[in-house]
Amino acid sequence: MTEFSFWDILRNLLLAARWTVVLSLVSFTGGGIVGAALLFLRIGGRRGMQFLSRGYIQLFQGTPLLMQLFLAFFGLGLFGIDVPAWLAACVALILWTAAFLAEIWRGCVESIAKGQWEASASLGMGYLQQMRYVILPQALKVAVPPTVGFSVQVVKGTALTSIIGFVELSKAGSIVTNATFQPFTVYGLVALIYFALCWPLSKSSQLLERKLNVAHRNH
Amino acid sequence: MTYQFDFGWLIDSLPVLLKGIRITVQLILIGAVFGVALGIACAWVRALGPKWLKPVVATYVELIRNTPFLIQLFFIFFGLPSLGIRMSELTAANLAMIVNLGAYSCEIIRAGIQATPRGQFEAGASLAMTPFQTFWHVVLVPALQRIWPALSSQIVIVMLGSAVVSQIAAEDLTFAANFIQSRNFRAFETYFVSTLIYLALAILLRQLLAGLGWMLFPRKASR
């Protein structure tokens, strides 16, 4: 039987952490795009569309991410596709991220005073022009800290993809544990690597919030 | 798509599902009560507690908030036995949920306490209350009232997150779903049904917490 040194364990975990990073980036980018589309429908679309996107957001915020992963994994399979774990992981995480980002951004857009909408409408701007030139530039400033804060949730969310068999940091942790019988060390290291990924994001979210002085504007 | 949906298994599997629901509900009830209690204790430490304890609590909160629940669970269930601390799956699941919610609710409650005007503490002191009495009787309840919606959301998030405890073989709703789909080979339908149950539980829990907030914090207290 081969012996694993501490360095072997750490190296394998760090190699697997690449996939956590890649998956987080893909989910966050994809979720951002889908979330922006949802946002446009949620606040400006037709009644039916507003209703649909609200339902979508409620559905994805009201069910466990794990179940969404299972449904993506087995649901895509119903179409006769052979679903690799990474595909199901990406699809589920993008849809999940989109729901949360759309809701966060909606709050930011709604924090913009109603007069801004009315003023831009009085200048003859259409909905998309209002969003592009008046609302979004202001909302963006409010949106940065909570969006960065949510990225932490995305990184942590990727841990669940290990359950449908995608080999990222958590799955690597389980595999290495099974090989080394050192769960305390391995899971401790896994936790520290996640911490190293998430903590800078959390901190920068806090700093941005303070810098942009959003939370205390009304005090 | 030629797949035929089949929900015929539902009747036979009902007892298993119900047991899973019961465990999930039990987990979140215990988790919420002790988790929020831990959160209050930690918020007290961070606001008024002894100086040496503050960095300890801050580290705990940051560590928990920046690592996935799954890893916390694995660490407790698989890692701690190396130190001689062994526990059953359900205990580990409960402990993980309490520790997790404790950290999040600490941050939430702390925000509520920070929003309390300084004068409230001074008013308490001028009535010869000890700092702890002021905290307990004067500061805490309005703070809780202020952050109740955020705290409720967090409890619902922890409930949804508890789906993961099936991974250490705690027999919650997800565990039941895994068990059922391994028998009927109807994975999609099984997970679909359990997803709907989770959705119903989330809505129910939200209503319950809203009602509880209504009872605990009558309107007149705020304005």
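Rules used in this analysis
- Residues numbered from 1 in each chain as written.
- Chains lettered and ligands numbered in written order.
- Predicted model: local features only at pLDDT ≥ 70, side-chain atom pairs only at ≥ 80, totals over all residues.
- Helix = DSSP H or I, 4+ residues; strand = E, 2+ residues; numbered from the N terminus.
- Buried ≥ 20, exposed ≤ 12 C-beta atoms within 10 Å, placed from the backbone.
- Contact = placed C-beta atoms within 7 Å.
- Nonpolar A, V, L, I, M, F, W, Y, C, P; charged D, E, K, R; others polar.
- pLDDT = per-residue confidence, 0-100.
- Expected span 1.5 Å × (residues − 1).
- Axes fitted to C-alpha atoms, helices over the stretch in contact; angles between N-to-C directions.
- Parallel < 35°, antiparallel > 145°, perpendicular 65-115°, else oblique.
- Left-handed = near helix turned anticlockwise from the far one by under 90°.
- Core = buried A, V, L, I, M, F, W, Y, C linked by C-beta atoms within 7 Å.

Concerning the overall build of chain B
Helix and strand counts for chain B stand at 8 helices and 0 strands. When the helices and strands of chain B are listed from N to C terminus, the series reads α-α-α-α-α-α-α-α. Overall size of chain B, expressed as C-alpha extent along the three principal axes, is 75 × 45 × 30 Å. Residues classed as buried in chain B amount to 41% of the 223 residues present. Relative to all contacts within chain B whose residues are 6 or more apart in sequence, the contacts with residues 24 or more apart total 78%.

Regarding the interface of chain B and chain A
Many descriptions give the size of an interface as the accessible area lost when the pieces come together. Residue-level contacts link 32 residues of chain B with 30 residues of chain A. Among the elements that line the side of chain B that touches chain A, the one with the most residues is helix α8 (residues 187-216) of chain B, at 10 residues. Taken together, the residues that form the side of chain B that touches chain A break down as 21 nonpolar, 9 polar and 2 charged.

Overview of the confidence of the model for chain B
Of all residues in chain B, 97% attain a pLDDT of 70 or more, and the chain-wide mean is 91. What the predictor reports for the complex is a pTM of 0.90 with an ipTM of 0.90.

Section: helix α8 (residues 183-212) of chain A
Think of an α-helix as 3.6 residues a turn; residues three or four steps apart then line up on the same face. Helix length check: α8 of chain A (30 residues) gives 42 Å between terminal C-alpha atoms against 44 Å at 1.5 Å per residue, within 8%. By the burial criterion, the buried members of α8 of chain A are P183, V186, Y187, L189, V190, A191, I193, Y194, L197 and C198 of chain A. Residues of α8 of chain A that are buried make contact with α1 (6-44), α6 (127-157) and α7 (169-180) of chain A together with α3 (69-79) of chain B.

Re the environment of P142 of chain B
Residue and element names in this part refer to chain B. Checked against the element boundaries, P142 lands in helix α6 (residues 131-161). On the neighbour-count criterion, P142 (18 C-beta atoms within 10 Å) is partly exposed. For P142 and Q72, which are 70 residues apart along the polypeptide, the C-alpha to C-alpha distance reads 32 Å.

Details of the packing of α1 of chain A against α8 of chain A
Residues and elements named next belong to chain A. At their nearest, the axes of α1 and α8 sit 11 Å apart, and the two run at 40° to each other. Taken together, α1 and α8 sit at an angle that is classed as oblique. As α1 runs across α8, the sense of the crossing is right-handed. Contacts between α1 and α8 involve I9, L10, L13, L14 and A17 from the former and T185, V186, L189, V190 and I193 from the latter. Class assignment of the residues belonging to the contact of α1 with α8 gives a composition of 9 nonpolar, 1 polar and no charged.

Section: unusual backbone geometry
A positive phi is found at F181 of chain A, a non-glycine position, where the angle reads about 55°. For F181 of chain A, the location among the structural elements is in the loop between α7 and α8. The class for F181 of chain A is exposed, based on 10 C-beta atoms found within 10 Å. The phi dihedral of A128 of chain B is positive, around 65°, even though this residue is not glycine. On the secondary structure map, A128 of chain B appears in the loop between α5 (118-126) and α6.

Some remarks on the nonpolar core
Residues L69 and V190 of chain A together with L73 of chain B are the most contacted members of the largest nonpolar core, which totals 119 residues. Looking at this core element by element, the count peaks at 16 residues for helix α4 (residues 85-110) of chain A. In contact with L73 of chain B, not counting residues within four places along its chain, are A92, A93, A96, V164, V165 and I168 of chain B.

Focus: the environment of S162 of chain B
Residues and elements named next belong to chain B. With respect to the element layout, S162 can be found in the loop between α6 and α7 (173-184). Spatially, the C-alpha atoms of S162 and A150 are 18 Å apart, while their sequence positions differ by 12 residues. Apart from the residues lying within four places of it in its own chain, the contact partners of S162 are T24, L27, I28, M97 and D172.

Some remarks on the environment of K141 of chain A
All names here are of chain A. By secondary structure assignment, the location of K141 is in helix α6. Taking the C-beta count within 10 Å as the criterion, K141 has 13 such neighbours and is therefore assigned partly exposed. Distance in space between the C-alpha atoms of K141 and C108 is 8.8 Å, their sequence separation being 33 residues.

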